[in-house]
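# Overview (structure and organization)
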Amino acid sequence: MFKAKLESAKEFKKVIDTISTLLDEVCLVVDEEGVRAIAMDPSHVALVSLNIPRLAFEDYQADSHEIGIDLEAFKKIMNRAKAKDKLILELDEDKNRLNVIFENHGKRKFSLSLLDLSSSAAKMPEIEYNNTITLKGDAFKEALKDADLISDYVILKASPTEFIVEAKGDLNDFTAEFTEEDDALINIEGEESVRSAFNLEYLLDMVKGISKGDIVKLYLGNDMPLKMEYSLAGAELTFFLAPRIEE
Amino acid sequence: MFKAKLESAKEFKKVIDTISTLLDEVCLVVDEEGVRAIAMDPSHVALVSLNIPRLAFEDYQADSHEIGIDLEAFKKIMNRAKAKDKLILELDEDKNRLNVIFENHGKRKFSLSLLDLSSSAAKMPEIEYNNTITLKGDAFKEALKDADLISDYVILKASPTEFIVEAKGDLNDFTAEFTEEDDALINIEGEESVRSAFNLEYLLDMVKGISKGDIVKLYLGNDMPLKMEYSLAGAELTFFLAPRIEE
Amino acid sequence: MFKAKLESAKEFKKVIDTISTLLDEVCLVVDEEGVRAIAMDPSHVALVSLNIPRLAFEDYQADSHEIGIDLEAFKKIMNRAKAKDKLILELDEDKNRLNVIFENHGKRKFSLSLLDLSSSAAKMPEIEYNNTITLKGDAFKEALKDADLISDYVILKASPTEFIVEAKGDLNDFTAEFTEEDDALINIEGEESVRSAFNLEYLLDMVKGISKGDIVKLYLGNDMPLKMEYSLAGAELTFFLAPRIEE
């Protein structure tokens, strides 16, 4: 069996909104510890990992299951979440469906056909990073949206005292600087100065669920994949993005 | 003469928004008792009845008139209503126009050409219903919008203890249950269990004007027309919708 | 050098939004007194004048410069202004760019390529007007939007006691009356009754930046250009609009 209840359907919607921009389908691995998924995007540029520990749920009961989800259909359903709806996810093994139930003044139940997916062979890369940047998620998100006016890629730079988002266009340029004096930058670790360039479209997909108050952690190297971590509604999201090789 | 003043142009806008989704034009019958209209939609699937008793108006003076309105033009004018505007409707018999006046910091007057319509031959069907459901309008509206994700028609079911909105898609299904434990369901009357299916597009048009706090009353039978009633800004709206014959 | 700081980037955005609807590019003339610009729109129907005295800035340092701006690019950048961002405008003479810097939790810097424009030969017309109308900007703006439902031009009329916005359509008409009893009309001066007709599209462009609380001053004659003045975030905007010759 699998039956799990979340306090806020509206918050969980952000999780699905974010991963559905990068993935078409996902295999949720559920067991008594919680819900996990890991997958590459179709073009194999980005890796997405989702981990929702059982403590993030209001109620949680689960045996081991793999649940194949069409994220496009799931996203449309989650978009129907209203402000105070609770969310119940419930596996109907007989019908091979996931019941997605919004509970509030009444009970609205969607039942979603499952896909026959097996859990991904994708694994979290084990990379040693020298530089780690912890900053306010919305400040990072806004800087990426700024950069999107100027170019379709962005250069992320970190030194022991500064984190920089940079975009170069044909006519106009953009630079966002975050130093230790700015309250957007919470912490920066690392002795070196590093830089890598990334496709902006993927980065904007990754930060989609971030809103005011969320904290994001970035791991950066020289022409190395970016690792990004943040939490939404108790769900831990981790992304890896391959660097763009600059001409 | 006909001159009538309403406290809130913005509230009356919702009435016009709703009936203009179903009707292209309408003949308002005004007399000393108030304003009434009754009409079938062009495809003759739905019947709309509007009744605004004179008590709903702040001021009201009227002889007997029939006023033919182009609802598309009237809707565009009503969309210009601002939050604190009062609304004056005034017949200009000489010019054959309806003056639609918004009063607030100044006076903004639209004058609308009238159509040469005669009052509708449509009459309110006299149907005996066994089941009557009174529920929060926005909960019903949201359930219909949920169902719209899944199918283009919906099955409404009522038993003595429960009201159900159901949609069946090729892959996914939807069910909203309202029992007496849910605060969305205010009252349910009827000894039988009944069900009828309805076209969702028409239903969504009918509930368009409903917002938080409005109460809707539904009359339901077995493969019988749906009767729906609710009030907006003192205007009583009644709809009949022919059932959909399920394959 | 030129370096100027404004308290609110978001307020200044409205200025650029407004002038960029009428102009494609502008030559800002800066000197120790402030920032000025004057230009005709491409069709030579409207004249736009912008004057930001140095006192409108939080900090201000400037030698004499002419700064040629692509308003389409500048508008896109200004659209990135967030609620509490301060704005710094800074000329980079070496690179021939204008740095547009948003300061808040961090520092986001756009650098905008300059155009090679010389300051406009346009001059403010010196016209004697008999009638001057001072009214709430949003009431005027809403009346123009109302009129836009009915026609593509509008007739403005003033008498010693009343200001009228009028539009005549094929079927429907519109009239907004502002008398001294209405709190939208602040003051009206002039002994005569005057009227002129104007293209509504231009007028709507001119009032674009107006929001609740702004006061607008109109100068009106008989078939004469309209002069309109209002302030946004310390910037003084003046417009002239050629009258439309009615058939």
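Refer to the structure printed above.
As the structure is a computational prediction, the values presented were derived from the model and not from experiment. (Residues numbered from 1 in each chain as written. Chains lettered and ligands numbered in written order. Predicted model: local features only at pLDDT ≥ 70, side-chain atom pairs only at ≥ 80, totals over all residues. Heavy atoms only, no water.)

## Let's talk about the interface of chain B and chain A
Let me state the cut-off plainly: Whether two residues touch is decided by their heavy atoms; if any such pair falls within 4.5 Å, the residues are in contact. Summed over both partners, buried area is the accessible surface (1.4 Å probe) that two parts give up on being assembled. Salt bridges are counted wherever a side-chain nitrogen of Lys or Arg sits within 4 Å of a carboxyl oxygen of Asp or Glu.
On the side of chain A, 15 residues touch chain B, which itself brings 17 residues to the contact. Buried surface at the junction of chain B and chain A, both sides included, amounts to about 1400 Å², of which 47% is carbon and sulfur. For chain B, the biggest contributors to the area lost against chain A are Asp146, Leu149 and Asn172 of chain B; these three give 32% of the whole. Linking chain B to chain A there are five salt bridges.

## Notes on the environment of Phe198 of chain B
Residues and elements named next belong to chain B. The cut-off we apply is this: Secondary structure elements follow DSSP: runs of H or I no shorter than four residues count as helices, runs of E no shorter than two count as strands, and numbering proceeds from the N terminus.
Along the chain, the position of Phe198 falls in strand β15 (residues 194-199). Residues Phe198 and Met224 lie 26 residues apart in sequence; the distance between their C-alpha atoms is 9.8 Å. Not counting chain neighbours up to four residues away, the residues in contact with Phe198 comprise Tyr153, Val154, Leu156, Leu203, Leu220, Met224, Pro225, Leu226, Leu241, Ala242, Pro243 and Arg244.

## So, the relation of the copies chain A and chain C
Cut-off, in case you're wondering: Residues reaching a pLDDT of at least 70 in both copies supply the C-alpha atoms on which the copies are superposed by least squares.
Mapping chain A onto chain C leaves a residual RMSD of 0.0 Å; the transformation is a rotation of 120° accompanied by 0.0 Å of translation along its axis. Expressed as an axis order, the relation between the two copies is that of a three-fold axis. Relative to the rotation axis, the C-alpha of Ala83 of chain A is the closest in chain A, positioned 14 Å from it.

## Some points on the packing of helix α1 (residues 9-22) of chain C against helix α2 (residues 71-78) of chain C
Residues and elements named next belong to chain C. Basically, it comes down to this: The angle between two axes is taken between their N-to-C directions and runs from 0 to 180 degrees, where each axis is a line fitted to C-alpha atoms and a helix contributes only its stretch in contact. Angle categories: roughly parallel below 35 degrees, roughly antiparallel above 145, roughly perpendicular from 65 to 115, and oblique for all the rest. In this scheme, a crossing is called left-handed if the near helix is turned counterclockwise away from the far one by less than a right angle; it is called right-handed if the turn is clockwise. When residues are grouped by polarity, Ala, Val, Leu, Ile, Met, Phe, Trp, Tyr, Cys and Pro land in nonpolar, Asp, Glu, Lys and Arg in charged, and all others, Gly among them, in polar.
Viewed as axis vectors pointing N to C, α1 and α2 meet at an angle of 150°, and their least axial separation amounts to 9 Å. The orientation of α1 relative to α2 falls into the category roughly antiparallel. For the element pair α1 and α2, the recorded crossing hand is left-handed. Along the contact surface, α1 presents Ala9, Phe12, Lys13, Ile16, Asp17, Ile19 and Ser20, while α2 presents Leu71, Phe74, Lys75 and Met78. For the contact of α1 with α2, the residue count by class is seven nonpolar, one polar and three charged.

## Regarding the side chain of Asp182 of chain C
Where we set the bar: N or O atoms within 3.5 Å of each other form a polar contact, as long as, within protein, one can give a hydrogen and the other can take it, and as long as residues adjacent in sequence are counted only when both atoms are side-chain atoms.
In this structure, Asp182 of chain C sits in the loop between β13 (173-179) and β14 (185-189). A polar side-chain atom of Asp182 of chain C sits 2.9 Å from the main-chain amide nitrogen of Thr179 of chain C.

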